[in-house]
Every structure is written in C-alpha cells, then in structure tokens.
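Residue-level listing of the chains:
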Amino acid sequence: MTNHYKPDPFVLSRYFNLAIKNLRRRMVRTGLTIAGVSLAVTVAVSLGGFMLGYRGAIDKSIDMLGFQVMIMAKGCPYEAATMMLKGGTGLLYLPGEIYDKVRNDSEIESITPIFVGVAQKQGSGIREDSAEKNFLIVSGVEVASYKVMKPWINFKSGPGFDGGRWFSPDSRNEVVLGFEAAEYEQRKVGDTFFATITPAGKPEPVQHELKVVGILDRTGTQDDGTVFLPLEVTREYFGRPGQLTILGIKLKQFNAVNMRNFETRWLKLPEVQVVGLQQVKNTLVGLVATAQTMIAAVAVIAIIVAFIGVINTILMSVYERTSEIGIMKALGARRDSIFQLIWLETVMMCLAGGIVGSLMAVIGSNLVEKAIKSIADMGVSGSIVQITPAIIGYAILGAVILGFFAGLYPAWRASSMRPVEAINKGN
Amino acid sequence: MNKILIEASGLKRYYQRGSETVKALDGVDIQIHAGEIVSILGPSGCGKTTLINLLSCLDAPTAGKLTVDGKSVDGLTEDQLVEVRRGTLGFVFQNFSLLPTLTVTENIELPLMFLGLKPDPIQTANILAAVGLTDRATHLPRELSGGQMQRVAIARALISNPKILVADEPTGNLDKATGESIMALFQRLSAEEGLAILLTTHNTAFGAIADRAITLEDGRIVSEVRPSS
C-alpha cells in the first residue's frame, strides 16, 4: 500500500505549483482580474501615501517656518497660514506698534516681524508665464531675528553662487533670492533682478532694479520661492510704512496652557488674531480630510468591484473545472484539499494584484502628486504623496485579506461538490 | 478463494426525475475478490456506471449494504468515504481525466499530493515503465495519444498502490488495437500485482478477458459468467 511513501513536509509547495498552473490556464481572465485588484490597490496606496505625505508636508512646512505662533491681522486664519506656508494674495496688515507691544512678553523666546507683499514679474524678461503665475512673493525681513528663527538657512555655494550674504539692513537695492526663485529667474550672485511693485494707493507700478547678493540653499519650504528684501525697504516699496504682515513667535515653553495664556493676553488687542500653528495644522488637515474621504470612497468602491471580480473569476474557474474537481476527489482529495487549492488560487491572484498595484502606485506617485496639486492648492510646499514600505505592506496584506474572503465562497462551493455529480456534470 | 475486497447486497440507487422514480440500480448483490478482474457488461443506461460509482464509494446507495476492504460504508459522510477510497481504490475514467497543465509525471503523482505523501521517483519510474511511458515523463497530456493518456490515467491510479482498480469504460475512447493493449495491461497488473480490477465495458470481447463477466439490464444482474474458465 502507500506506507512506503514518506510524509511530504513541502506538500503545500505542490499545491502552490498546481494553483499557479491553474491560474495560467486562462491568462487573459487571470490578468484582467489581477488588473482589477491592482487598480484598487493603486488607489488605496496612493490615498494612503497622500494622507501620510500631506500630514508630513504640513508638519515639515510648519516646522520649517521656525515659529509656533503667529500674530496677524484679523481675518481667515487658514488663508493667512496658507499664505505663510505657500504664498498667496489678499494680504492683511498689522500696525507696526503691535510688534513693540508684543516683543517684550516674558514668555517669548524669539520673535521676528515679517512683511509679505506680492510683486509682478514683469521686467524680468526671462519667461512667458501665464498671468496667474506672473507674480513674486516678496518678504521683508529683519535679518538678525529671522536668522534666529531659522538657523538652518544657508547660502548656496558653487560657481556663480559663492560669496552669498544677507543684504545690509539699510540697503535699498540688494536682494536675496530663494533657491527656486533664483533657479526660475536664472539669477546668480551679482546679477540684476527687477521687481515691479504697485505701492498701496498708487495706480501705477514701480519697477525696482535690485542686485542679487545671495541665493539661499534649498529648504523645501515656501522660502525657496521667495524674494527677500530688508523689512523697512519692503514696507516702503509697497507703500505701507510701519506695517507688518505677521509676527512669528517662538515661546520659551510651548504647550497648550502657555499657548492659551499667550492668546488670552494678546487677543485683547483689537486688530490682531493669535494663531497657533497646531491649530493651522488641524485646520488644513480638516479641510483636506473631506477630499480624502471622497478618494477613500472611490478606493472602497474599487475594492468592492475588485472583490466581486475575483469571486466571479474564481467561480467561473471552478465551474469550468467541475469535472476535474470531481476527479481530484475520486483520486483522494478531501474537502479541505479542494478548499485549500481554490483558496490558494484566489489569494495568489490577489497577492499578485497587491504587488502590481503597489508598484503602479510607487511608479505613478509623481503623477498623482502633480494631479492633486493641479486640481487644488494644498497649502503646503514639498512632496504631498509619501508611499512608505509600511503603506505598501498594509496594501499587500489588504489584498491578501481580500483574496482570503473572496476565495471563501468559491472554495466552499468547489469543496462541497459530490464527486460523482461533479464528474458527470463536467462530462 | 482470495479475500473479499468489496461486498454488496441488495444495492439500490434510485433517482427522482420529476414525479418519476428512476431505478438505476435495483437490488444488486456482488462480491469482488483480491486479484480478480470483473467486467460489468451491458447496454447504455443499464446501470454499469451507477454500480461502479457505488462500489467505489463515489456515490451513496439508496438502500443496501456495502463493505469495502472490510469496512461498512453505510451512512458514512463524504469525508469518511474519501478515507475509504484513499489507498484502497484507484480510478480510471473513459475520458482519461488528466489535468491538462500537469506533465505526465505530475499527473501520476497527483494522488500522493492529496495524501500528503512525498513522491518516490523510483516508484514513479517503475510505474511509468510498467505502462510503457518512460519516454513521456515530462510531456503534457496534449502531446500524447489517446492510448498514452489512458496509460497515464492507469499509472496515476496505481501510484498509491490501491487494492482495487476501478475503470469505467477504459477503452471507450480508444481504437481496437489500443483498447486491446490496455486490457492486456490490466491482465498483467492483475496477475503480477494481485490487483483486483473492476471495469465496465460495452465491448463483449474485452469482457471476455475478465475472470468474471457480469451483465446488467435495467439495474439488475441478469447473468454472471467466468469466461476464462
């Protein structure tokens, strides 16, 4: 009898082999089903990458602002924060004396006043841009306090960039360019840079000829696209002497209690609002959460469609192989053997879909990022889609779980066939 | 007399077709002994396949008693019937029923996978040699002739060293010469291995090579002869 055979410790590998061969019998059908699973996984991975990446981008952008609290003119805090993070128009201004009042608060570790304005690119003559992109964000900064707030800022080095420095505080024609601003305008240290600014209350713009004295290294933040001028000069050029856009503040001890106390103290001033960047972060995340929910709904629908597709494919396969299943039962296959085989086929198909889908998501992540950014202003700079090994791992695990459940019914149905009926039906 | 491997008495199999009760098998008594070839003859629809399906535990009788290798199979669940079949019965079907994606060797070793046993290359080679297919070991079924495919099916049935080989119309899809070679193979296996062979056939000439030839009509045994005696 069979007792001269030894138990096979690798018998599962033979089931795998048979399952793979069964899947290869109908390559087009198997391929289309895997494509369906892949698509669902691609959407899910991209969504996961977007959720993670966006939070990371917000964290990074906010951390790289260098301050935890902003004092700004009353208005929409989200709009103001977005402007600080990524640039924008429709700015509101604070009276300059606010700075003098706030700077002596004992809880403040460091404070920097910033004036932000929007200049036209006309005169640069380098590129033919669309009208809506034809502006520059100009930041007027007080170098000493700005450097304290952002100690990581360095000047770009290399041919044409060496010798970069900050402008003198009283200089009227020196400018420092952010990395991308310089790259976009193709400017190097010593070059001339034109900024066309319309002063407040004046109908005609004024073109200013400036000399580039330094180009900043890449920071991955809004600073990269910014043109920096001395604070006083900027306010003068924009026709807003003594005014400010924000006060960036770092507290000695940043926690919820200190933040609340600080807010309470300074919200008494009629013109200002105090915005904690954690609050900004929550607002931005909350706004994007709606869009993410929509995408998640699409992902869920794709997963359901893939789930039904997998069940359909495996059921068809089982139906086509009814006779074979009967024969296998006649040859000694128990219910669990048939169940295992059909289940393996389903799980392997979904595993393949998970792997292919994850690869597609990784390869297409740049496209997804560009697409998202082209549809909506996300309020942050830098990468907003971050696909990590953990996301890929979860996606593949999810695909396997999908196969696990999708395979249950076809496998149960196949394993429940009575051999003689299965053989006769197939014949 | 050799050991009784299959013993059935009063075996009935009725089907319900609408309001009509079809008596596919209507009270059959039969014994199969070790080492004998028993052929079941009869016209189409006489109950040949129904009888061997019952005797090989692929189907459950409506009534009657059945013992296989000393074990009563009355009232057993499907999984329990599988256990009875495993290692006791080997099957050969009319249409060969090979898995098209597996090679000859893989098809032959398939039953061992379901038994959780490791194939023995020497045993497989011996069986391949016994059915004359040593040079076809790595071929796929589509690369074989009908006779070769039936030999693979026989080799597959033999791989787990069953006590009884059940063959339903094993020559039904083969030409006369190939059919004769298959029957000769059965005779040799029975003589050399002591294998009991239970087969159905339309062909009375093939039936004549059996130790016993049982003829069915309308679900009943109408004659039993010993052609070789």
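Provided above is the structure to which this section pertains.
Here goes a summary of the coordinates provided. (Residues numbered from 1 in each chain as written. Chains lettered and ligands numbered in written order. Predicted model: local features only at pLDDT ≥ 70, side-chain atom pairs only at ≥ 80, totals over all residues. Heavy atoms only, no water.)

## Comments concerning the pairing of strand E2 (residues 20-33) of chain B
If a strand is regular, its side chains alternate between the two faces of the sheet. Put simply, the rule reads: Note on pairing: DSSP must find at least two bridges between two strands before they are called paired. Per the convention used, a helix needs a DSSP run of H or I reaching at least four residues, while a strand needs a run of E reaching at least two, with both numbered from the N terminus.
For strand E1 (residues 4-17) of chain B and E2 of chain B, the ladder comprises 11 bridges, and the chain directions are antiparallel. Its bridge partner being in E2 of chain B, Ile 6 of chain B is matched across the sheet by Ile 32 of chain B.

## Examining the sheet that holds strand E5 (residues 71-72) of chain B
For sheets, the rule is that strands pair by backbone hydrogen bonds, running either parallel or antiparallel. Residues and elements named next belong to chain B. Our working rule: The contact definition used throughout considers only heavy atoms, calling two residues in contact when any of these lie within 4.5 Å. Angles run from 0 to 180 degrees between N-to-C directions of axes, and those axes are lines fitted to C-alpha atoms, restricted for helices to the stretch in contact.
A sheet is described by the order of its strands in space; here 4 strands give the open sequence E2-E1-E4-E5, paired in antiparallel fashion. The outermost strands of the open sheet, each flanked by one partner alone, are E2 and E5. Where strand E4 (residues 63-68) and E5 come together, 2 bridges link them in antiparallel fashion. Opposite Val 68, over in E5, you have Lys 71 as the bridge partner. Lying on the sheet, helix H1 (residues 48-55) is in contact with E1, E2 and E4; it crosses E1 at an angle near 125°.

## Here's the deal with the nonpolar core
Here is a general trend for soluble globular proteins: nonpolar side chains tend to be buried in one another's company. The condition is simple: To form a nonpolar core, buried Ala, Val, Leu, Ile, Met, Phe, Trp, Tyr and Cys residues must be joined to one another through side-chain atoms within 4.5 Å. Relative accessibility decides the category of a residue: with a 1.4 Å probe and only protein chains considered, values under 20% of the type maximum give buried, values over 50% give exposed, and everything between is partly exposed.
Ranked by size, the top nonpolar core spans 78 residues in total, and within it Met 328 of chain A together with Ile 30, Ile 40, Leu 51, Leu 55 and Leu 110 of chain B carry the most contacts. By residue number, the principal contributor to this core is helix H11 (residues 335-363) of chain A, which donates 8 residues. Setting aside residues no more than four positions away along its own chain, Leu 51 of chain B makes contact with Leu 11, Leu 25, Val 28, Ile 30, Ile 40 and Leu 216 of chain B. Residues Val 69, Phe 161, Ile 197 and Phe 238 of chain A belong to the second largest nonpolar core, which totals 40 residues.

## Section: helix H4 (residues 121-130) of chain B
Residues and elements named next belong to chain B. Selection rule: Here the arc refers to the directions that run from the helix axis out to each C-beta atom. Polar contact is defined as a pair of N or O atoms within 3.5 Å, subject to the rule that within protein one atom must be able to donate a hydrogen and the other to accept it, and that residues adjacent in sequence are counted only when both atoms are side-chain atoms.
Among the residues of H4, Gln 123, Thr 124, Ile 127 and Leu 128 are the ones counted as buried. All buried residues of H4 project into a common sector of 135° when viewed along the axis, lining one side. Exposed positions of H4 whose direction lies more than 90 degrees from the buried face are Pro 121 and Ile 122. In this structure, the buried residues of H4 make contact with helix H3 (104-115) and helix H5 (146-158). Measuring from the side-chain oxygen of the N-cap residue of H4 to the backbone nitrogen of Ile 122 gives 3.1 Å; that N-cap residue is Asp 120. Just downstream of H4, Gly 132 is the residue with a positive phi angle, here 75°.

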